Structures are given as structure tokens and as C-alpha cells.
Amino acid sequence: MSQFWDIYGITFEFAFVLGLFALSAFLGLWSGVLSLAPIAYASGAAYVSARLAYDKVMMGEANYPLVFHLFVGMVVGGFLAWITSFVLLRLGSHYLALATIALVLIARVIALNLDEYTGGTVGIPVPRQITTWHILLILGVVSVMFGVLRKSRFGYSLDAVREQPEVASSLGINVQRVRRYAFTFAGVLGGLAGVLQAQLVQYLVPETLYVELAFISIASAVLGGAYIWVGPIVGALLYTAIPEFLEPFLGSSKNVVNGILLVIIMVFLQRGLIDPRQFRAWSLKRKSRQTKEVAS
Amino acid sequence: MGPLLTSQKKRNENLLNLFIQQVLNGLAVGSAYGMFAMSFGLIFATMGILNVAHGTIATFGAIAALTVVENWGFSFFPALLIAILTGAAIGIVTDRLAFQPLRARANTLGYLITSIGVWIVLIALGETALDHQIKTFPPDLLSWPRLVTTNIYLAPGQIWLMIIGPISVVALYLVLTRTPIGTMIRAVGFSDVWSRISGVSSTVVILSTVGISAGLAGIVGYLSSIAFDNVSVPLGEGLLLKGFAAVVVGGFGDVRGAFLGGIIIGVTEVLGAQYVSGDFRDVITFGLLILFLLFRPEGIFGEIKFGAAR
Amino acid sequence: MSQLDVVSLTRQFGGLTAVKDLSFSVSPGAIAGLVGPNGAGKTTVINMVSGIDKPTSGTISIAGQDTSTIKGHEFVRLGIARTYQNMKMFHGLSVIDHVIVGLDSRRKTTFFHALVPNPIERKERAAMRDKAMEFLKVMSIDHLAESEATTLPYGLQRRLEIARALATEPKLLLLDEPTAGMNQQESSEVAEVLRGLNQKGLTLLVVEHNIKFVRDLCQEVTVINFGEKLLSGTPQEVFNSQLVREAYLGKQRDERLATFQSLRAGTHRNINMGEFAS
Ligand SMILES: Nc1ncnc2c1ncn2[C@@H]1O[C@H](COP(=O)(O)OP(=O)(O)OP(=O)(O)O)[C@@H](O)[C@H]1O
Ligand SMILES: [Mg+2]
């Protein structure tokens, strides 16, 4: 077991953090918005946190505690998302997707050009404070949040806004507001995950949090199922695990499988692997069977 | 007084030459962006597919051309043909395998996610084909036409971009507006039910659209890999990003707009890098992109037809 | 004061005038009908009155209040609710969940209650389920509470839509073809339910093609054609009028054309984000 962990521990850590990114992508999809922006916010958050740590260490002092860094990540991510949401959410659906891709690209350019703070192309080292258990704990807490969210007033609003924004509005739901909250919350999650990712890599360059990660987090959410929070996490695990296990056979083209998988899912299983509808169908069947048994 | 005046004059002349050189560089780069924007925009405007794999298709055009040049000694024009055919073939295959099954139900978002899948596959294959390297065409592939004066230099690759770019706009525009198949392509863009009513097979139309668009991407990939002396996966990704910016600036609705958008992005980028700051080159491009998305999402030239009716 | 006052309402889509200088009003407690051939502009009127579309010109007042500066999601507060001609269901949600969404405007919890488990949220959640159940009972679909809404037969979905609208506790309910696709039996059942709601004080504005349904149910009817008002009056007056007969007879000739046009208008290309994978 411990040998297994020695080999695959780091893979799992990346998978869990990817799970957080996928959840932030899922929040967007849940409000009917395809947004890659959380990665841009993650980048901003990671740089701020990394810089704070770097300055401390350079001055020969002890680094801030982990909790502080996580907090900074969430605040920076959330703040950036909130500010930008006012302009971005004015856009129609596909333009919004485009603008958020652009935002990720711009984030990199900014990071490259603010080299006084970010180290430019050279990057900036990030002292690692997290352990696997920290990551798991964070993922657990976030999952519980999503569980509560799902059946809360806000969760219902998100469902309605995603499926039929016009109907939601005529039922009194402020669609723009719901989207803004989801967008900001996704930014908070993105910031959090960004700090974690930077600590895992232990070195932050402008490409650490970039388009590839953005696409893969969307892909994980869709693969696992973007209709309930379990989906993105499962998707992230699969997305990390599958190429890893295929590495011996496929070598460096292992990623091909990820792409093919995504296409297959979109073609054959449009609602992803985990679909709450399916659960409902099962539980209804079971109930009707039970009532039949009682009757007979 | 005399020598000072001449050196002043000389300096002005140099500045002017530099400016001309950079405008020409901008036009060459802009032609590449513009052609890519047309091909990328055509698919989006007619079928609602925002294909993030499109840049990689361009890369494959370059890879295929490089292969035939290196292994079988193809010359410039035959290799160009190979680039076109490869682009078109990859476009058609991916369309049949990945996008066609979605056609009955998917919308822009579904297509976008699917294209991310295609993109991941193509990138991995491209990297494998190139062995994770940056390659270049042999320098003797293309030695003409070359523009060399004392102060201005244009490489053959750049010149071909500037020649084929405008030709392809005119050609594509004429095909779309003056030929029956063009009319049908636009009609499918307008509504595929329309094509069903009018009895035109939508498969033929879709395949022609994809073939034209992906073939054009192959051309762009090939020409720009010569002009920038770079055959690599990032080349296509760069085209995708800039071409995408160009499409936003120029508008989806019209190929002329998309091309002009590419020219604007290319020239602004090169001049911005020269006169403002080399580092902020991409900031200018993407700043322009965001400004347009926010204030004029339909592009300079107005109306996007796709998705307007609902 | 009328429940609804529409004055010189006009709506243009590009060059097409879908509604033109239309005025009518609905008195409190009435069951009013809005009829007209296909493409007459009925749905467009309902869209504007329910706040999901804005008029090009003209005014809409609800219970005396002018709505020109009111945002779409605030119409609920004026007591407006509606159903849709093409039943806009939330894919993937159960029947009861639809009604719970409808209860949104009556909930007190905020976004922050949704982040950590807490008793306030839990209590409200239970209360909303009970409340939602009551509305399902009104429409007699409470036995289907846990089914997935989009799998229900047409008629039941129409009932669910009414339940969802009722959940907002409206004073004026707008119904866009509530019996489309129903048989005689089903539609008279719906008529019965609507009459019951009306007796409890709910004002209704019904768009219908089913003449019998309108004749039986409505007290005042407005007829429009090509976006303009032909006439209004009691069902008897209206349906015996020569003008209305012509409008309807003329319809058949143009019907095929209209269908063709709606196909051409590209209404089939659904760019609703929610359905990318459904
Ligand atoms: N969003 C829109 N954009 C453009 N034209 C529209 C739009 N909505 C409606 N129209 C046009 O306005 C006219 C009136 O449409 P409307 O849907 O209001 O008719 P209707 O009376 O409800 O017809 P039906 O009985 O078929 O439901 C039609 O010609 C229609 O094509
Ligand atoms: Mg209608």
C-alpha cells in the first residue's frame, strides 16, 4: 500500500486539485455559463500567495501559515471574479465563453510582463506546505458545501437559470444576480485550487495555470457529469488516472485517450457518467417495486 | 550645420524605412491571421462550431507538407496541395466522427466541449509526429520572390502570405456569394431546416464547408510555418488565438470582415511591439479582443447571422 | 381600476410589426380571452405583459402601476405569473422541484445559507416541500411529485406548468394555450380547475385556439389579427362577428406559409445553454 502511495500519491494529489478546478467549472455550467475564467483567477491568486511567501522567505522569516495562503487565494480569486463579472456576464453565452478564454490568455501575458513581481518567464518558487490530507480535507469540505447548495434555494435557482433562464426570470429569480454569485463563488474556488496547484508544482510560471488546465477542468466536469457535484470530482479522478495507467502502453500519446473519451462522452453519454436523473429513475423503480410487494 | 542636417535627414529616412518594414511585416502576419480567421469563422458562422482544434489542423497542414518535402523532395506548390488536402481530410474526418453525431441536438456549447476533445487528440498526435520538436523547412524550398532593398527585407514566405491571403478572401467570397454551393453553405448557416425543405443534402453542404475551411487552415499552417520558420504544435495554437481575436474584431458574419480583422490584429501587434513595448505585444491583441467583445461583439462589420433568430 | 391595462402596445422585430397599437384591459376577477389566428401576435403580447420582452412603444400597467421601468424578474411582485405555449420545463428536475423553484420569491434564505449546513435552511427546505405539495394537489398531480417532469404526458406537464406559476401566488395568471395538445376530456378538466382558481379571486388572461374552451370559460374576449385588435366583447358577440370569421377562414390559406416561415426563422436552432447535453 505504501509503495502504491509512493508511486501514485502525487498523481492523486493532482487529481484532487483538478477536482476543485472541475467544480469551479461546474459552477459556471450550473448557472448556464461556460466559463474558463476560474483559471485566470487561480493564476492571480497563486501569484499573490507565492509572492507573499517568497518575500517572507527572502527576508529570512518564517512563511505564513497554510490557512493564511488559502484564505488569500480565495479572497483574491473571489475579488477578481466579482469585479470582472460585471462586464463578462453582460455577454451572451458563446461570447462569454470566448471572453473567458481571452481572459486566461491575458492573465498569462500580464504575468509575463509584471516580471518584477512574478519572475516573468523564470517564474517564482513556491514553498510547499500542504499534505495529501490537507487537500482531501479541503475537497471534503467543498463537497459538503456543494451537497447543501444543491437542495438550497440557491441550488434551485441555478437549476432553473441553467435550464430556462427566461422562465426563471418570470418566476422572480434575478438571473444576472444568480449568475454573478455563481461566477464569484467559482472564482473563490479557482483561487483556492490555484494556491494548491502552485504548492504542488512548487514552482509558478505563467503557463502553470493556463488554457490546457482550463480546458481539462471543463472536460472533467463534462466527463463526470455536470449535473451534480460528484460528477466533476469523478471526472477529474478519471481524467488524471486513465492516462497514468495507460502510460506503459501508449507512452507520450497517452493524452489521446482523454480526448477520445471526451468525444465519446459527448456523443453517447451527453449527461456524463454521473447523472442524477438516473438515480431518480432507479429510486422510483425501487419504490414502485416495494409498494407492489407490500400490496401482494 | 551641413553634416548635422544630413544626419537628421538620414535618421528620418531610417525611421520611415523601419516603419514601412514593420507595416509590411504586420501585413504578412495579418494575412496569416486573416486567412485563419476566415476559415475558423466560416465554421462558426455556418455550423455554430467554435472549433478549438482548428489551429492544430493548421499545424497538421504544415507537418504533412514538411514530411513530403523532407522525404520525397516535393517542391513548394505540390507541398501546398498536400497541406490543403491534409487539412481538409482531417477536418472531414473529425467532423464525421465527433461533430456529426451531435448535430441533431448539440448547440454551441456542446460542440465546443467536443472540439476540446478533438483538440486534445490532435495535439497529442501532432506532438508525437513532431517528436516534441520545433522543425523548419529546408531553406532551399522557397527562394523567390524576395524583396531586398538596403533597408527593407521580405522573405518569400511573407510575400506568399501577402499574395495568397487576398486571393483566398476574394475566392472564398466569390464562392460563397456567386456559386450554388456557396448559396447552400450560407443557407445551412442560416438554418439547416431550410436546406431540408429545399431538398439539398445537408451532408454535401456540410462536407464542402468543412473541406473548404479546413483546407484553408492547412494553407495557413503551411505558409506561416515557412514565413515564421517554425513547424510546431504551438504554431497552430498561436494561429488559433490570434485568428480568434481577428474573428471577433472583424465579425463572424462575413469572410471579408474576418480577413480585415486579421490584418488589423497583425499590423497593430507588430507596430505595437515596435513602438510601444515588445513585451506588451499580446496585451494589445487581447486588449483589443476584450474591448470588441464588450462593446461590439458583432465585430466591426456588424450583424452575425448565426443564432440571431430564436 | 383594471387588473391589466394595455395601451397602444407595439412590438417590432426588425421590419416585422408583430403587435400594433393594441389596447385592451382586463378587469379584476375576470377570465379574459385573447384569441387570433396563428402568428397574430398573442404570444408576443403575453411575453410583454409577463416582462420577458419589452414593448417597442406603448404602456402596460398592472393594477394601476406602470411597468416600463420594471425589470423582468420583478414582475412577480406585481402578481404576474404565466405558462408557456411550448411548455418550458426544467430538464432533469422532478415535478415537485419545479414548484419549489416557483416558490423562490417567497423564500427568506440567502446565498450564504446555502454554504454550510444550518437549521434555518433545513427548516425552510421542509416548509417549501410542504407548500409545493399543496400546489400539486390543487392541480391533482401530487402523486407524481417525484417523477421527472419532462417524462410526463403532455396534459400533465401543462398542469405542472400551472402549478409552478401558481406557486408565485399571482393575482393575474397568463395562460398561453393551456389546452394545446389535450383532448376534450382533459381540456374541460383544466377549464374546471381554472374556474375554481378564478372563484378564489385569481384573474385570468387566456390565449386559446380552442373556441369552445374560450366560449365556456371567458367573460370578455379580445380578438387580434396581424397584431391589431379586430374587436372585443363577450364570447357571443365576438364569435358571431363576420370580421372574426373572415380572419379565421383566411387563416387556412396562409397556414402552410406561416409554418414554413417559422421554420425559416430558425426558431428550431436552440441556443439555450442548458440543453447542450440533454
Ligand atoms: N423573437 C422574435 N423575432 C422575430 N419575429 C418574431 C419573434 N417572436 C415572434 N415573432 C413574429 O411575430 C409574429 C407573431 O408571433 P406570435 O408568436 O406572437 O404569434 P401567436 O399569435 O402567438 O401565434 P401562434 O398561435 O402560432 O402561437 C409572428 O410572425 C412571428 O414570426
Ligand atoms: Mg403563440
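Residues numbered from 1 in each chain as written. Chains lettered and ligands numbered in written order. Predicted model: local features only at pLDDT ≥ 70, side-chain atom pairs only at ≥ 80, totals over all residues. Heavy atoms only, no water.

**Things to note about the overall build of chain C**
Stated formally: What counts as a helix is a DSSP run of H or I of at least four residues, what counts as a strand is a run of E of at least two, and both are numbered from the N terminus. Residue burial is assigned from relative accessible area. The probe radius is 1.4 Å, only protein chains are included, and a residue is buried under 20% of its type maximum, exposed over 50%, and partly exposed in between. A contact between two residues is defined here by any heavy atoms of the two lying within 4.5 Å. Residue-level accessible areas treat just the shown protein chains as cover; the underlying method is Shrake-Rupley with a 1.4 Å probe.
Helices and strands together make up the secondary structure of chain C, namely 8 helices and 10 strands. Per-residue burial over chain C gives 54% buried out of 278 residues. Considering only contacts within chain C whose residues lie at least 6 apart along the sequence, 67% involve residues at least 24 apart. About 12,100 Å² of surface is accessible on chain C, with carbon and sulfur atoms providing 52% of the total.

**Topic: the packing of aromatic side chains**
Residues and elements named next belong to chain B. Counted only if it meets this: Centres within 6.5 Å are what make two rings of Phe, Tyr or Trp a pair, Trp counting through its six-membered ring; a difference in plane orientation under 30 degrees is then read as stacked, over 60 as edge-to-face, and the rest as tilted.
Taken as a whole and judged by the stated rule, the model has 21 aromatic pairs over all chains. Geometrically, the ring pair formed by F76 and F77 is edge-to-face, given 4.9 Å between the ring centres and 75° between the ring planes. Taking the relative accessible area as the measure of exposure, F77 reaches 42% and is therefore partly exposed. Summarising the aromatic geometry, the rings of F137 and Y222 are spaced 5.5 Å apart at their centres and angled 80° between planes, so their arrangement reads as edge-to-face. Of the two residues, F137 is situated in the loop between α4 (108-130) and β1 (147-148) and Y222 in helix α8 (residues 202-227); the sequence distance between them amounts to 85 residues. For the residue pair F137 and Y222, the accessibility class agrees, reading buried in each case.

**What about the environment of V69 of chain B?**
All names here are of chain B. On the secondary structure map, V69 appears in helix α2 (residues 54-72). Taking the relative accessible area as the measure of exposure, V69 reaches 7% and is therefore buried. With 55 residues separating them along the chain, V69 and A124 place their C-alpha atoms 23 Å apart. Filtering out sequence-adjacent residues up to four positions away, V69 remains in contact with F74, A79, F137, P138 and L141.

**Examining the domain arrangement of chain C**
Residues and elements named next belong to chain C. The criterion, for reference: Here the bounds of each domain stem from an automatic or database domain assignment. Simply put, the buried area is the total loss of 1.4 Å probe accessible area from both parts when two parts are fitted together. A pairing counts as a salt bridge when a side-chain nitrogen of Lys or Arg comes within 4 Å of a carboxyl oxygen of Asp or Glu. As a working rule, the residues Ala, Val, Leu, Ile, Met, Phe, Trp, Tyr, Cys and Pro are called nonpolar, Asp, Glu, Lys and Arg charged, and the rest polar, with Gly in that last group.
When the domains of chain C are assigned, the result is domain 1 (4-79 + 170-240) and domain 2 (92-168). The C-alpha-based centres of domain 1 and domain 2 are spaced at 26 Å. With 18 residues of domain 1 at the contact, the number on the domain 2 side is 11 residues. The junction of domain 1 with domain 2 conceals about 1,100 Å² of combined surface from both sides, 72% of it contributed by carbon and sulfur atoms. When the area that domain 1 buries against domain 2 is broken down by residue, the three leading residues are V76, P170 and V193, summing to 35%. Counting the contacts that link domain 1 with domain 2 gives 1 salt bridge. With a shortest N-O distance of 2.9 Å, E189 and R159 are connected by a salt bridge. For the side of domain 1 that touches domain 2, the secondary structure elements donating two or more residues are β7 (172-176) and α5 (184-199). Counting residues per element, the side of domain 1 that touches domain 2 draws most heavily on α5, which supplies 6 residues. The residue makeup of the side of domain 1 that touches domain 2, split by class, is 12 nonpolar, 2 polar and 4 charged.

**Looking at the site of ligand 1**
For clarity, the cut-off: Distances are taken per atom, and a residue is near a molecule or strand as soon as one of its heavy atoms is within 4 Å of it. Whenever a nitrogen or oxygen atom comes within 3.5 Å of another N or O atom, the pair is scored as a polar contact, on the condition that within protein one atom can donate a hydrogen and the other can accept it, and that pairs from neighbouring residues in sequence are kept only if both atoms are in side chains.
The environment of ligand 1 is formed by 14 residues, the closest being G39, K42, T43, T44 and Q85 of chain C. More than a single chain frames ligand 1: its nearby residues are located in chains B and C. T44 of chain C is positioned such that a nitrogen or oxygen atom in its side chain is 2.5 Å from an oxygen atom of ligand 1. A distance of 2.9 Å separates an oxygen atom of ligand 1 from a polar atom in the side chain of H209 of chain C. Protein contacts shield 65% of the accessible area of ligand 1, which totals 640 Å² for the unbound molecule. Counting only elements with at least two residues in the shell around ligand 1, the list comes to β2 (16-26) and α1 (42-49) of chain C.

**Things to note about empty space enclosed by the protein**
Formally: Cavity means a closed set of points on a 1 Å grid over the protein atoms alone, one where a 1.4 Å probe fits but cannot get out, pocket means an open set with protein on both sides within 12 Å along at least 5 of 7 lines, and lining means a residue has an atom within 4 Å of a point. Grid points are joined across faces, edges and corners, and a volume is the space filled by probe spheres set on the points.
Throughout the structure, instances matching the rule amount to 5 cavities of 30 Å³ or more. Volume-wise, the largest cavity comes out at about 220 Å³. Along its surface, the largest cavity is lined by 20 residues, and R150, D159, Y227 and P276 of chain A together with L93 of chain C are the ones closest to its centre. Within the residue set of the lining of the largest cavity, elements represented by two or more residues are α1 (2-30), α6 (132-150), α7 (153-163) and α13 (276-295) of chain A. Its residues placed into classes, the lining of the largest cavity shows 9 nonpolar, 2 polar and 9 charged.

**Focus: the sheet that holds β2 of chain C**
Residues and elements named next belong to chain C. Condition: For two strands to be treated as a pair, DSSP must find no fewer than two bridges joining them.
Ordered by their spatial adjacency, 4 strands build an open sheet running β2-β1-β4-β5, and the pairing between neighbours is antiparallel. Since the sheet does not close on itself, it has two edges, and those belong to β2 and β5 (65-66), each with one partner. Pairing between strand β1 (residues 4-13) and strand β4 (residues 57-62): 5 bridges, direction antiparallel. In the strand pairing of β4, D5 is matched with S61.

**Re the coordination of the magnesium ion (ligand 2)**
Residue and element names in this part refer to chain C. Going by this rule: Any N, O or S atom lying within 2.8 Å of the metal counts as a donor, with the limit raised to 3.2 Å for Na, K and Ca; because water is left out of the atom set, some sites can appear incomplete.
Within the protein, T43 (OG1) and Q85 (OE1) serve as the donor atoms for the magnesium ion (ligand 2), at 1.8 to 2.1 Å. One end of the pair, T43, is in helix α1; the other, Q85, is in the loop between β6 (80-82) and α2 (95-102), with 42 residues separating them in the sequence. On the accessibility criterion, T43 (27% relative accessible area) is partly exposed.

**Some details on the pattern of salt bridges**
Evaluated as defined, the whole model comprises 20 salt bridges over all chains. Linking R51 of chain A and D55 of chain A is a salt bridge whose minimum nitrogen-to-oxygen distance equals 3.2 Å. With a gap of 4 residues between them, R51 of chain A and D55 of chain A both fall in helix α2 (residues 37-58), about one helical turn apart. Of the charged contacts in the structure, one is a salt bridge between K56 of chain A and E61 of chain A, with a shortest N-O distance of 2.7 Å. Using a relative accessible area of 38% as the deciding quantity, one classes E61 of chain A as partly exposed. Look at the salt bridges and you will find they share partners, linking R158, E161 and R164 of chain C into a network.

**Observations regarding the layout of surface pockets**
One number sums up the size of the second largest pocket: a volume of about 1,200 Å³. In terms of lining, the second largest pocket is formed by 41 residues, of which the most central are E212, L213, I216 and N255 of chain A together with W119 of chain B. Looking at the lining of the second largest pocket, the elements with two or more residues in it are α1, α4 (93-113), α9 (175-201), α10 (211-224), α11 (230-250) and α12 (255-268) of chain A together with α4 and α9 (233-250) of chain B. Ranked by residue count, the leading element in the lining of the second largest pocket is α9 of chain B, at 7 residues. Its residues assigned to classes, the lining of the second largest pocket comprises 25 nonpolar, 10 polar and 6 charged.

**Topic: α1 of chain A**
For an α-helix the count is 3.6 residues per turn, leaving residues at separations of three or four pointing the same way. Threshold: Across the chain, bend at a residue is computed as the angle between axes fitted to the seven residues ending at that point and the seven starting from it.
At Y8 of chain A, α1 of chain A shows its maximal kink, close to 60°. Directly after α1 of chain A, the chain includes G32 of chain A, whose backbone phi takes a positive value near 80°.

**Brief notes about the packing of α11 of chain A against α12 of chain A**
All names here are of chain A. Rules: The axes used here are C-alpha line fits, helices contributing only the stretch in contact, and every angle between their N-to-C directions lies in the interval 0 to 180 degrees. Here the word oblique covers every angle except those under 35 degrees (roughly parallel), over 145 (roughly antiparallel) and from 65 to 115 (roughly perpendicular). Crossings are classed by handedness, with left-handed meaning an anticlockwise turn of the near helix from the far one by less than a right angle and right-handed meaning a clockwise turn.
Interaxial distance between α11 and α12 falls to 8 Å at its minimum, and their mutual angle equals 130°. Looking at the two axes, α11 sits oblique to α12. Once α11 is placed against α12, the crossing between them reads as right-handed. From α11, Y239, I242, P243, L246 and L250 reach across to α12, where they touch N255, V257, N258, G259, L261 and L262. Here the residues of the contact of α11 with α12 are counted per class, giving 8 nonpolar, 3 polar and no charged.

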